[in-house]
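Spelled out, the chains give:
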Amino acid sequence: MRLRWIALVVLALAIAVACWLGRMGTSTSTRAPEQVPAIAQPPFAVPAPAGTRRSMLPPAIQLSRPVVVRPAQRAAPGVLAGTVVDAETSSGIAGAELTFSRDNGAYSTETGVGGAFRFAPRAAGTYRLVSIEAKGYASFVREFGLSPVSFTSVAGKDVDGVVLRLVREHEDRVRWYSGGARRAESNDGGELDAGNPKPATGSLSGRVLDARTSAPIAAFAIAVFRRDGLATRMIAPASFVDPSGAYMIEGLAPGTYEATAMAAGYAWSSYAVVQIGDSPAEADLALHAGARITGVVTDAATKRPVGGATLSLEGRRGYTPDVPVALLSPEAESGVDGRFALEHVPLDVSSVHAEKQGYLVRVVSIGALPEDGDAPPLAIALTPRERGSDARFELTGIGAVLRPHGDALDIQQVVPNAGAADAGLGPGDAILAIDGARVTDLGFEGAIGAIRGPEGTIVTLRIRRAGREVDVAVTRKLVRS
């Protein structure tokens, strides 16, 4: 993963269960269960780091194409079929052993020629993928009973097309462990009682549906974030294969959460805000095709097209967290004519990154997006980096580093001669509202998007300073740092 300097918060998630029309192969057997510093940041109107950025573990599972649900014998448990492939070459891996768990049992199947596998359970129900092991590859291992990947066998419905990816052993010599992904982290909830954590008993369940047809989506990923004021942190990423589109995430402590779904061929869903208590909560998530953003990247000095520039989303949806799955986020590269197209962009995304070696990274506001269809085209001019210059970034905003804190955005530092500094803002000031909208209503990413805007325009910020509130008009400027 390349280092994305503008994203100063590591919150995003992303997961995925995937797809490829695979060959069917091999038999299923049963066996006994095995118990098994913050980065430097530019001074912009973007979040200061919420924690340490860590390298992403190699992906084990990925969504590339929608899976296929086929009718089967009505009384027979549904079968899961797909392939295990090399994460780098996408070639099939023969002889890989996959182990699924259910209740107190473990069930194995092995890939055949071309990496094809076929898991045919003896009874319908939900099974969790606890390990994938193959000679010469780093093992994918999850704690027994707490895997982030599940398959629900439904009588009369076979699922085909799941792709699982392994990295070669020399690339990552450790096994991939996780304490639980369909549960919240063990330190996320619960009061301490006599030194032992009180188990969190809340849960979130629902269905993932096509927004246009209301049909269930059979393979998808869910990311759950816990809110703390404006700040959020991902606690429960999980992937599901279920012909009915159902999901359930357990072990959630009481609090406010945001949930989002993603699947191949769709934009990420809007965030569903739910209150979790000790009783079950529900949230159905509808997926749209999303917006299609096209445009052209040029050299700001020569006006010529720039090929090979990488275009990606900003915010949680554009970054991969520290989990062993591949992100499912729109990304594109400009062609020799400078043109690009970003597909399946979520409705609530407000900015796009454009970057290429030798140029300043440009963050561009994209305005309102449709749920489905084409968005207005973007014209992005990249500024060449000057020899000896420390500047790396370019965007239009107020020129301040912001950190979510309670009900406000705290100003950490300001850029000299930028809008915030010109208006007299500085460290210790806290932003409560933007053009009359409370930041608690906008949410963190919405607040950042509202602060940005066209160069030369004015944004009115309600500032809390020394216990008093005051409105301050700030001019947006092009900021470089």
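Residues numbered from 1 in each chain as written. Predicted model: local features only at pLDDT ≥ 70, side-chain atom pairs only at ≥ 80, totals over all residues. Heavy atoms only, no water.

Let us look at helix 2 (residues 439–451). When the terminal C-alpha atoms of helix 2 are compared, their 10 Å separation across 13 residues is substantially less than the 18 Å that a helix rising 1.5 Å per residue should span. At Glu-445, helix 2 shows its strongest bend, of approximately 85°. Regarding helix 2, the residues found buried are Val-439, Gly-443, Phe-444, Ala-447, Ile-448 and Ile-451. (Helix = DSSP H or I, 4+ residues; strand = E, 2+ residues; numbered from the N terminus. Expected span 1.5 Å × (residues − 1). Bend = angle between axes of the 7 residues up to and from the residue. Buried < 20%, exposed > 50% of the residue type's maximum accessible area, 1.4 Å probe, protein only.)

Pairing in this open sheet of six strands is mixed, and the strands run 26-25-28-29-32-39 from one edge to the other. Each edge of the open sheet carries a strand with a single partner, namely strand 26 (331–333) and strand 39 (477–480). Going across the sheet, the axis of each strand differs from the next one's by a mean of 20°, ignoring polarity. Across four bridges, the pairing between strand 32 (residues 393–397) and strand 39 is antiparallel. Paired with Leu-395 across the strands is Val-479, a residue of strand 39. (Pairing = 2+ DSSP bridges. Axes fitted to C-alpha atoms, helices over the stretch in contact; angles between N-to-C directions.)

Phi is positive for His-344, close to 55°, though the residue is something other than glycine. Along the chain, His-344 falls in strand 27 (residues 339–345). Judged by relative accessible area, His-344 falls into the partly exposed class, the value being 30%. One non-glycine residue with positive phi stands out, namely Asn-417, at about 70°.

Another aspect to go through is the pattern of salt bridges. In this structure the tally under the stated criterion is 13 salt bridges. Arg-227 is paired through a salt bridge with Glu-258; the nearest N and O atoms lie 2.7 Å apart. Residue Arg-227 is found in strand 16 (residues 219–228), and its partner Glu-258 is found in strand 20 (residues 255–262); the two are separated by 31 residues along the sequence. For Arg-227, a relative accessible area of 28% gives the class partly exposed. Judged by its relative accessible area of 7%, Glu-258 falls in the buried class. (Salt bridge = Lys/Arg side-chain N within 4 Å of Asp/Glu carboxyl O.)

Moving on to the packing of aromatic side chains. If you walk through the whole model with that rule in mind, you get seven aromatic pairs. Considering the side-chain rings of Tyr-107 and Tyr-127, the 5.8 Å spacing of their centres and the 80° angle between planes classify their relative orientation as edge-to-face. Placement of the pair is Tyr-107 in strand 7 (residues 105–110) and Tyr-127 in strand 9 (residues 125–133), with a sequence separation of 20 residues. Here Tyr-107 falls in the partly exposed class, since its relative accessible area comes to 23%. (Phe/Tyr/Trp six-rings, centres within 6.5 Å; stacked < 30°, edge-to-face > 60°.)

Let us look at the nonpolar core. Soluble globular proteins: nonpolar side chains tend toward being buried together. Grouped together as the largest cluster of nonpolar side chains are 26 residues, with contacts concentrated most on Leu-204, Ile-222, Val-224 and Tyr-247. Those elements giving two or more residues to this core turn out to be strand 15 (202–210), strand 16, strand 18 (238–241), strand 19 (246–252), strand 20, strand 21 (272–276) and strand 23 (285–287). In this view, Leu-204 contacts Val-224, Tyr-247, Met-248, Ile-249, Leu-252, Ala-259, Val-274, Ile-276, Ala-281, Glu-282 and Ala-283; residues no more than four positions away in its chain are not counted. With 24 residues, the next largest nonpolar core counts Val-67, Phe-100, Ala-134 and Leu-166 among its residues. (Core = buried A, V, L, I, M, F, W, Y, C linked by side-chain atoms within 4.5 Å. Contact = heavy atoms within 4.5 Å.)

Treat this as a map of the structure, not an account of what it does.
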